Amino acid sequence: MVRAVNLRVVVTWSVAATLLVLVGLAMRHNNNQVEGNFLRTAARPLDALQRVPPEPLAEPRQQDVVEGNNNRVGSGKRCDSEKWVEGLPPLYIITPTYPRAEQVPELTRTGQTLMHVNNVVWIVSEDAAVATKAVVQYLNESILNTIYLRVQMPVKYKKVKNKPRGVANRMAGLNWIREHAKDGVLYFADDDNTYDIRIFQQMRWTRKVSMFPVGLVTKLGVSTPIVKEGKVVGFYDGWIAKRKFPVDMAGFAVNVQYLLERPLASMPYKVGYEEDGFMKSLGIKASEIEPLAFNCTKIWVWHTQTKKNEPAIPVNRTRATFGSNLDIISEQLWRGTGTNS
Ligand code: UDP
Ligand code: MN
């Protein structure tokens, strides 16, 4: 009798547990279905993270940095890290940067984010008269697949108060892609923004031009395409200013083949109109834009800004510090224009 009751309890619980597992599986399948149409990343954040293979140990290694003609420095290596997955389109991430106290910290944050992404070629393009030693050293020690370029903002733009920041160096990155890339996707990632790795996983599949929301832009708090039924029908941005594409630099990605088919595409030295000018030069139609981040319902890029820091005061070389780590540390400190490069 007791045994019969026990058996019934066991059977009842087994059936219940099986049902629970089945319901769980069905829900998971459903989730994947929802995002499977237009997004190729996991629906649940944990899944997305688990897809990233374990990091190889960060062994410092040498990388050729060749001072080239044309006021540029070029270096190139194809990724040999475990992060390169055959068959996955490469992401060419162009990061304009310039010398200042926050430069290496910003590149560190951006670089650490990119370490979570497969098949990245990180093009760090510095707006400087000479290469900043600390930057080149940082890239050399990085396990990332990096390209270092250097170019200067033309003098005539440097003189004006409102400068077209990062245009010359973004263009240098574009030219590098034109010379070296044949497929994949390009994205302009300023050194000081904040990126969720899911946006990289999604933008990789851009066919022409994809767009997505950028947080912390203007008083509206966001700049985003307006999406209805999966189509871009307009733009929500605090500064429309007669722009056909009122978008932020961090809010779009471009297919490399699409770019290569448009050899005249370029970014104008026109403050506030850099993105609009670039989009127009690509000749993309609003109806062709591919909205990402779940039809632009997620903010996965933030236009963060870092507090300005003063240049560091030189290390006081006393008997106590001489011959110590401070000799080495002092070389890495930003001490103002030209002094640490
Ligand atoms: N930048 C540059 N040269 C400059 C100023 C800025 O290359 O003289 C880069 C900077 O590192 C960043 C991008 O251009 O990646 C945008 O600059 P910033 O963040 O100062 O502009 P904001 O985001 O405030 O518009
Ligand atoms: Mn910025």
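The rules we used
- Residues numbered from 1 in each chain as written.
- Chains lettered and ligands numbered in written order.
- Predicted model: local features only at pLDDT ≥ 70, side-chain atom pairs only at ≥ 80, totals over all residues.
- Heavy atoms only, no water.
- Near = heavy atom within 4 Å.
- Polar contact = N/O pair within 3.5 Å; in protein donor to acceptor, adjacent residues only side chain to side chain.
- Areas by Shrake-Rupley, 256 points an atom, 1.4 Å probe, with all protein chains shown as cover.
- 1 Å grid on protein atoms, 1.4 Å probe; cavity = no way out; pocket = protein on both sides within 12 Å on 5 of 7 lines; lining within 4 Å.
- Sits in = over half its atoms within 2 Å of the grid points.
- Helix = DSSP H or I, 4+ residues; strand = E, 2+ residues; numbered from the N terminus.
- Nonpolar A, V, L, I, M, F, W, Y, C, P; charged D, E, K, R; others polar.
- Donors = N, O, S within 2.8 Å, 3.2 Å for Na, K, Ca; no water.
- Buried < 20%, exposed > 50% of the residue type's maximum accessible area, 1.4 Å probe, protein only.
- Pairing = 2+ DSSP bridges.
- Salt bridge = Lys/Arg side-chain N within 4 Å of Asp/Glu carboxyl O.
- Points joined across faces, edges and corners; volume = space filled by probe spheres on them.
- Axes fitted to C-alpha atoms, helices over the stretch in contact; angles between N-to-C directions.
- Parallel < 35°, antiparallel > 145°, perpendicular 65-115°, else oblique.
- Left-handed = near helix turned anticlockwise from the far one by under 90°.
- Contact = heavy atoms within 4.5 Å.

A.B. asks: Looking at this structure, I do not really get the site of ligand 1. What am I missing?
C.D. replies: For ligand 1, the set of nearby residues contains 15 residues, the closest of which are Pro96, Asp127, Asn169, Asp192 and His303. A distance of 3.1 Å separates an oxygen atom of ligand 1 from a polar atom in the side chain of Asp191. Separating an oxygen atom of ligand 1 from a side-chain N or O atom of Gln305 is a distance of 3.1 Å. For ligand 1, whose accessible area on its own is 520 Å², the fraction buried by protein is 84%. The site holding ligand 1 turns out to be the largest pocket. Counting only elements with at least two residues in the shell around ligand 1, the list comes to β3 (91–97) and α6 (167–180). Looking at the shell around ligand 1, its residues break down into 3 nonpolar, 5 polar and 7 charged.

A.B. asks: Is there a simple way to think about the coordination of the manganese ion (ligand 2) in this case?
C.D. replies: Ideal values differ by geometry: the angle at a metal is 109.5 degrees with four tetrahedral donors, but 90 or 180 degrees with six octahedral donors. Protein ligation of the manganese ion (ligand 2) involves Asp192 (OD) and Asp192 (OD), the donor distances falling in the range 2.0 to 2.8 Å. Here Asp192 lies in the loop between β6 (185–188) and β7 (194–195).

A.B. asks: So what exactly am I meant to see when it comes to the pairing of strand β12 (residues 252–255) here?
C.D. replies: Consecutive residues of a regular strand have side chains that alternate between opposite faces of the sheet. Covered by surrounding structure in β12 are Phe252 and Val254 together with Ala253 and Asn255, the residues of both alternating faces. In this structure, β6 lies alongside β12, joined through 3 bridges in antiparallel fashion. Bridge pairing in β12 places Tyr187 opposite Ala253.

A.B. asks: What's the story with the pattern of salt bridges in this structure? I'm lost.
C.D. replies: Between side chains of opposite charge, a pair can form as their charged atoms come close. According to the stated counting rule, one finds 13 salt bridges in the structure shown. The partner of Arg100 in a salt bridge is Glu102, and the shortest N-O contact between them spans 3.7 Å. Each member of the pair, Arg100 together with Glu102, is buried. The salt bridge partner of Asp276 is Lys280, with a shortest N-O separation of 3.1 Å. Of this pair, Asp276 and Lys280 both sit in helix α9 (residues 274–282), 4 residues apart, roughly one helical turn. Asp276 sits in the buried class, given a relative accessible area of 3%.

A.B. asks: It is not clear to me how the sheet that holds β3 should be interpreted in this structure. Could you clarify?
C.D. replies: Strands in a sheet are paired, the pairing made by backbone hydrogen bonds, and the direction either parallel or antiparallel. Taking strand neighbours across the sheet as the criterion, the 7 strands line up as β5-β4-β3-β6-β12-β8-β13 in an open arrangement whose pairing is mixed. Looking at the sheet topology across the chains shown, the edges are occupied by β5 (146–151) and β13 (290–291). Pairing between strand β8 (residues 209–211) and β13: 2 bridges, direction parallel. Residue Ser210 lies in a different strand from β13, and its bridge partner there is Glu290.

A.B. asks: Just to check I follow, could you spell out empty space enclosed by the protein for this structure?
C.D. replies: One water molecule sets the probe size; rolling that probe over the atoms shows where empty space is left. Summed over all chains, the structure comprises 2 cavities of 30 Å³ or more. Taken as a whole, the second largest cavity spans an internal volume of roughly 40 Å³. Per-element accounting of the lining of the second largest cavity gives the leading share, 3 residues, to strand β10 (residues 222–228). Residue classes in the lining of the second largest cavity are distributed as 6 nonpolar, 3 polar and 1 charged.

A.B. asks: Explain the packing of helix α3 (residues 103–114) against helix α4 (residues 133–141) here, please?
C.D. replies: Packed helices, taken two at a time, are described by the angle their axes make and the gap between the axes. Look at α3 against α4: their axes get within 10 Å of each other, and the N-to-C directions meet at 20°. Regarding the angle of α3 to α4, the classification is roughly parallel. In the packing of α3 onto α4, the handedness of the crossing is right-handed. Taking contact as the criterion, the partners of Gln103, Val104, Leu107, Thr108, Gly111 and Gln112 in α3 are, on α4, Ala134, Val135 and Tyr138. Here the contact of α3 with α4 is composed, by residue class, of 5 nonpolar, 4 polar and no charged.

Function cannot be inferred from these measures alone, as they are strictly geometric.
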